[in-house]
Amino acid sequence: MNKDFKMTATTLFGLEGVLAKELRDLGAQDVNEGVRMVSFRGDSGFMYKANIALRTAVRILKPIKVCKIYDEEDLYEAIQKIKWENYLETEGTFAIGAVVNSKNFTSNSHYISLKSKDAIADYFRHKYSKRPNVDLDYPDLKIHIHIQKDWLTVSLDSSGDSLHKRGYRTATNIAPINEVLAAGMVLLSGYTGEENFIDPMCGSGTILIEAAMIACNIPANINRKLFAFENWKDYDEDLYFTIQESLLKKIRSSHFKIMGFDKAPSAVQKAQDNVANANLDDFIGVHHVNFFNSTKEVFGNTTILFNPPYGERLNIDTEEFYKKIGDTLKNNYPGSTAWLITSDTDALKCVGLRTSKRIALKNGDLNCKFVKYDLYEGTRKFKERKEDSDTEVETETED
């Protein structure tokens, strides 16, 4: 019988809560949030499912050793005590990545990786008189070394390439948004596919594609060609395809509009190519439209979500640009909820709309705010009770 074991899903700053909910919804046990990571328990089948289905995970790690260490020699000895033949053949290949956050180690992560590599190579050489080779591009086994203060965690990386590499994006523009961040923003917005969705500055279409996959309940990494666990010695191919088939049966259709605009014809073409690669042509429409000249042409509630240019990406007059964003949303998109992400918090002041929510995120190395604007239909009526009076006064306010 497949036994449960502890795993760690890494993620981007600010998406820990979203990832924890995803894991619970998938059926994970003992879910606990950390900083840029969430730990949980599951069996091998759940590990396969997590890699295929999770939208906000960067990679899924399976710890095989946790112990205290105080210097590089402790590290070497600890890694030598692992029975590596359980995971790797002498003719196989491996690669090591390391993250170090400890005052005990003045060495950088690259040196820690080299020290760990030597320990594994020496283990095989002493025991079998030959050793596996290092292959940084296509290793049979990818190993993750994490040192936090006095604690060493050695994990097997079950994902391989970062899970943001979905497999559908072949064309990109300047500074394309990470797929994991795009999916995280869509989930943070509360969008589920039960209303219209617009990305008015869609670039290469990443946000649109992630939104459509959420609306249709399509597994995030169904287009991936390979996960690292497929090279593991205990890989169960029949179980993997059973899990995959089960997830595919839960795909549904969305009957609401999902639309992207961009003023650059080249961006529109790239977005259309990526949408086609993701097999989502039937659900997403991409149009050559300048957002500032657009109006809401769909009926009913609409989620607007976009990643406008920051000063770091394009040479724009940010004050004027963000004022036009606010004016367009206010005047042309009533009955909508708008979300945007930016690293330029001063520019947000130029939008001229009151935010109803602000969430701290990181886009690459940039500290960003993901903000929400509620755009009402026409005027908003509310009742205001005057102090020291029982008289109710109905007041209209323009948004």
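A few points on the structure.

What counts and how
Residues numbered from 1 in each chain as written. Predicted model: local features only at pLDDT ≥ 70, side-chain atom pairs only at ≥ 80, totals over all residues. Heavy atoms only, no water. 1 Å grid on protein atoms, 1.4 Å probe; cavity = no way out; pocket = protein on both sides within 12 Å on 5 of 7 lines; lining within 4 Å. Points joined across faces, edges and corners; volume = space filled by probe spheres on them. Helix = DSSP H or I, 4+ residues; strand = E, 2+ residues; numbered from the N terminus. Nonpolar A, V, L, I, M, F, W, Y, C, P; charged D, E, K, R; others polar. Core = buried A, V, L, I, M, F, W, Y, C linked by side-chain atoms within 4.5 Å. Buried < 20%, exposed > 50% of the residue type's maximum accessible area, 1.4 Å probe, protein only. Contact = heavy atoms within 4.5 Å. Polar contact = N/O pair within 3.5 Å; in protein donor to acceptor, adjacent residues only side chain to side chain. Salt bridge = Lys/Arg side-chain N within 4 Å of Asp/Glu carboxyl O. Phe/Tyr/Trp six-rings, centres within 6.5 Å; stacked < 30°, edge-to-face > 60°. Lys NZ or Arg CZ within 6 Å of the ring centre and 35° of its normal.

1. A look at the layout of surface pockets
- Roughly 970 Å³ of internal volume is contained in the largest pocket.
- Along its surface, the largest pocket is lined by 32 residues, and Thr10, Arg36, Leu61, His144 and His146 are the ones closest to its centre.
- Counting only elements with at least two residues in the lining of the largest pocket, the list comes to β1 (5-10), β3 (37-42), β4 (59-68), β5 (93-101), β7 (141-148) and β8 (151-157).
- Here the element with the most residues in the lining of the largest pocket is β7; it accounts for five residues.
- When the residues that make up the lining of the largest pocket are grouped by side-chain class, the tally is twelve nonpolar, 13 polar and seven charged.

2. Considering the nonpolar core
- The biggest cluster of nonpolar side chains holds 53 residues, and the ones touching the most others in it are Leu23, Phe40, Ile60, Trp84, Ile143, Ile145 and Leu152.
- The dominant element in this core, judged by the number of residues it contributes, is helix α2 (residues 44-53), at six residues.
- Judged by nonpolar contacts, the second largest core, of 37 residues, contains Ile207, Ala211, Cys216 and Ile284.

3. A closer look at α2
- Across the ten residues of α2, ten count as buried, placing the element largely inside the fold.
- Burial in α2 covers these residues: Ser44, Gly45, Phe46, Met47, Tyr48, Lys49, Ala50, Asn51, Ile52 and Ala53.
- Residues of α2 that are buried in the fold lie against β1, α1 (16-26), β3, β4 and α7 (237-248).
- If you check the start of α2, you find a side-chain oxygen 3.2 Å away from the backbone N of Gly45, and it comes from Asp43.

4. Notes on the pattern of salt bridges
- In this structure the tally under the stated criterion is 13 salt bridges.
- Note that Lys117 and Asp118 form a salt bridge whose closest N and O atoms lie 3.2 Å from each other.
- For the salt bridge of Lys323 with Asp327, the shortest nitrogen-to-oxygen distance reads 2.9 Å. Taken together, the positions of Lys323 and Asp327, both in helix α9 (residues 318-332) and four residues apart, correspond to about one turn of that helix.
- Relative accessible area serves as the criterion here: at 31%, Asp327 is assigned to the partly exposed category.

5. Notes on the packing of aromatic side chains
- The tally for this structure, following the rule as stated, stands at 20 aromatic pairs.
- Among the aromatic residues, those joined into a ring-pair cluster are Tyr48, Phe227, Phe229, Tyr235, Tyr240 and Phe241.
- Positioned over the ring face of Phe5 is Lys62, at 4.2 Å from the centre of the ring.

6. Focus on the environment of Lys68
- With respect to the element layout, Lys68 can be found in strand β4.
- The class for Lys68 is partly exposed, based on a relative accessible area of 43%.
- Separated by 80 residues in the primary sequence, Lys68 and Gln148 have C-alpha atoms spaced 9.6 Å apart.
- Those residues in contact with Lys68 that lie beyond four places of it in its chain are Asp150 and Trp151.

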